[in-house]
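Notes for the structure review
Listed here are the chains, written in short residue letters.
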Amino acid sequence: MGVTASVLAIDAGNSKTDVALVGADGSVLASARGGGFQPPKVGIGAALDALATTVGEVLAAAGAGGAPAGPVDHVSACLANADLPVEERELTDALHARGWGRTTEVRNDTFAILRAGVDEPRGVAVVCGAGINCVGMLPDGRTARFPAIGKISGDWGGGGGLAEEALWYAARAEDGRGEPTALATALPAHFGLGSMYALIESLHLGHITSVRKHELTPVLFATGAEGDPVARSLVHRLAEEVVAMSTVALARLDLLDEEVPVLLGGSVLAARHPQLDEHIRLLLAAKAPKAVVDWVTAPPVLGAALLGLDHTGAPPEAHARLRAHYGRD
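Residues numbered from 1 in each chain as written. Predicted model: local features only at pLDDT ≥ 70, side-chain atom pairs only at ≥ 80, totals over all residues. Heavy atoms only, no water.

For helix α6 (residues 183-190), every residue scored as buried is listed here: Leu183, Ala184, Leu187 and Pro188. Around the axis of α6, the buried residues are gathered within 115° of arc, so they sit on the same side. Where the residues of α6 are buried, they touch α5 (158-175), α7 (196-205), α8 (216-225) and α9 (229-252). Taken from the residues just after α6, Gly192 is the one with a positive phi, measuring 75°. (Buried < 20%, exposed > 50% of the residue type's maximum accessible area, 1.4 Å probe, protein only. Helix = DSSP H or I, 4+ residues; strand = E, 2+ residues; numbered from the N terminus. Arc of directions from axis to C-beta. Contact = heavy atoms within 4.5 Å.)

Turning our eyes to something else, we now look at α5. In this model, α5 (18 residues) spans 26 Å end to end at C-alpha, consistent with the 26 Å of a helix rising 1.5 Å per residue. Within α5, the full set of buried residues consists of Gly158, Gly159, Leu162, Ala163, Glu165, Ala166, Leu167, Ala170, Ala171 and Ala173. In the segment just after α5, Gly176 is the residue with positive phi, at about 100°. (Expected span 1.5 Å × (residues − 1).)

What follows concerns the nonpolar core. In terms of nonpolar packing, the biggest core is built from 52 residues, with Leu187, Leu238 and Leu264 touching the most fellow members. Top element by residues in this core is α9. It accounts for 11 residues. Dropping the residues within four chain positions of it, Leu187 is found in contact with Ala166, Leu167, Ala170, Met196, Leu199, Leu216 and Val219. With 30 residues, the next largest nonpolar core counts Phe111, Val135, Leu302 and Leu307 among its residues. (Core = buried A, V, L, I, M, F, W, Y, C linked by side-chain atoms within 4.5 Å.)

So, on to the sheet that holds strand β2 (residues 16-23). Strands in a sheet are paired, the pairing made by backbone hydrogen bonds, and the direction either parallel or antiparallel. What the five strands build is an open sheet, ordered β3-β2-β1-β4-β5; its pairing is mixed. Either end of the sheet is taken by a strand with one partner, and the two such strands are β3 (28-35) and β5 (101-108). Direction aside, the axes of adjacent strands within the sheet are offset by 15° on average. Strand contacts of helix α3 (residues 85-96): β1 (5-12), β4 (72-79) and β5, with the helix running at about 150° to β5, the strand carrying the most contacts. Against the sheet, helix α12 (residues 300-312) makes contact with β1, β2, β4 and β5, and its axis sits at roughly 140° relative to β1, the strand it touches most. (Pairing = 2+ DSSP bridges. Axes fitted to C-alpha atoms, helices over the stretch in contact; angles between N-to-C directions.)

For the coordinates displayed, the defined rule picks out one aromatic pair. Ring centres 4.9 Å apart and planes at 85° place the aromatic pair Trp168 and Tyr169 in the edge-to-face group. Assessed through its relative accessible area of 45%, Trp168 is described here as partly exposed. Directly above the aromatic system of Phe111 lies the positively charged group of Arg107, at a separation of 5.3 Å from the ring centroid. Positioned above the aromatic ring of Phe146, the side-chain terminus of Arg252 is 4.8 Å from the ring centre. (Phe/Tyr/Trp six-rings, centres within 6.5 Å; stacked < 30°, edge-to-face > 60°. Lys NZ or Arg CZ within 6 Å of the ring centre and 35° of its normal.)

The buried count for β2 comes to seven of eight residues, which makes it a mostly enclosed element. The pairing of β1 with β2 spans seven bridges and is classified as antiparallel. Across the sheet, Ala9 pairs through a bridge with Ala20, a residue of β2. Between the end of β1 and the start of β2, which pair antiparallel, lie three residues. One ladder, built from seven bridges, connects β2 with β3; its direction is antiparallel. If you follow Val19 over to β3, its bridge partner there is Ala32.

Below, the structure written as structure tokens:
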């Protein structure tokens, strides 16, 4: 007899989507990767249609391996752009209407990173990739979170934000409005250009696409590591933002004085820039001395699947088998 399919786990980010079908015993029956999930750009219907293609691949592969037809017990979906509870509810209804599971729960994708990095749903995670976000959760279901939709919700940081800040300081350094910084030469040099004016012109006219601005974030960190005061100040400010978000989340969950994991993920934090890491540790030690900082390297779809197993009441052995599959036992 085949293993009973229990959880359809979905981790859908802006650039890629991972889907896994998990058995009641924690075994991975099938998995697949698809494109990004961007309802704000294409609409919920089109975004779900694209997601359905990847889900269909997984269900077809599992069916060939003996998994039963029909809906699974639970769909656990951690989705980018599900930033507000109202958006989570809207996406939950839309996903449930697809008939993939008997029950469906949608969370922001930051919860997947948090759950992937802890042995129980207890802790705080800060994710810094293109943007920045933070969530916290407790086994009793309580959570702490931020809207995390950009400047209007008080956010600062993320790869996109850091690139914009670096360009601002570099432009003002070159034309005399601001203090000198090596960013004024390092940023245009990345694109083979000789001045900030040339870079500004190229970005404005579309000769360099706006999405390529994200390439400047590593340049910022490298310039800071070489001692440039302006670049270093931006790196320090990011550390301050990470600690501000994490300590507020800890306080909301009454965890500020407890030994609890604070997990860091996303492309910017996962790059492990020494200056940034050190500053985060120092600031967090002053505000939450018992917090244990760690970096999440496990794939977020593991977190989505674990949340699904939590929901179905799967035994500890199932959680352990799932973690072993993803190399994090």
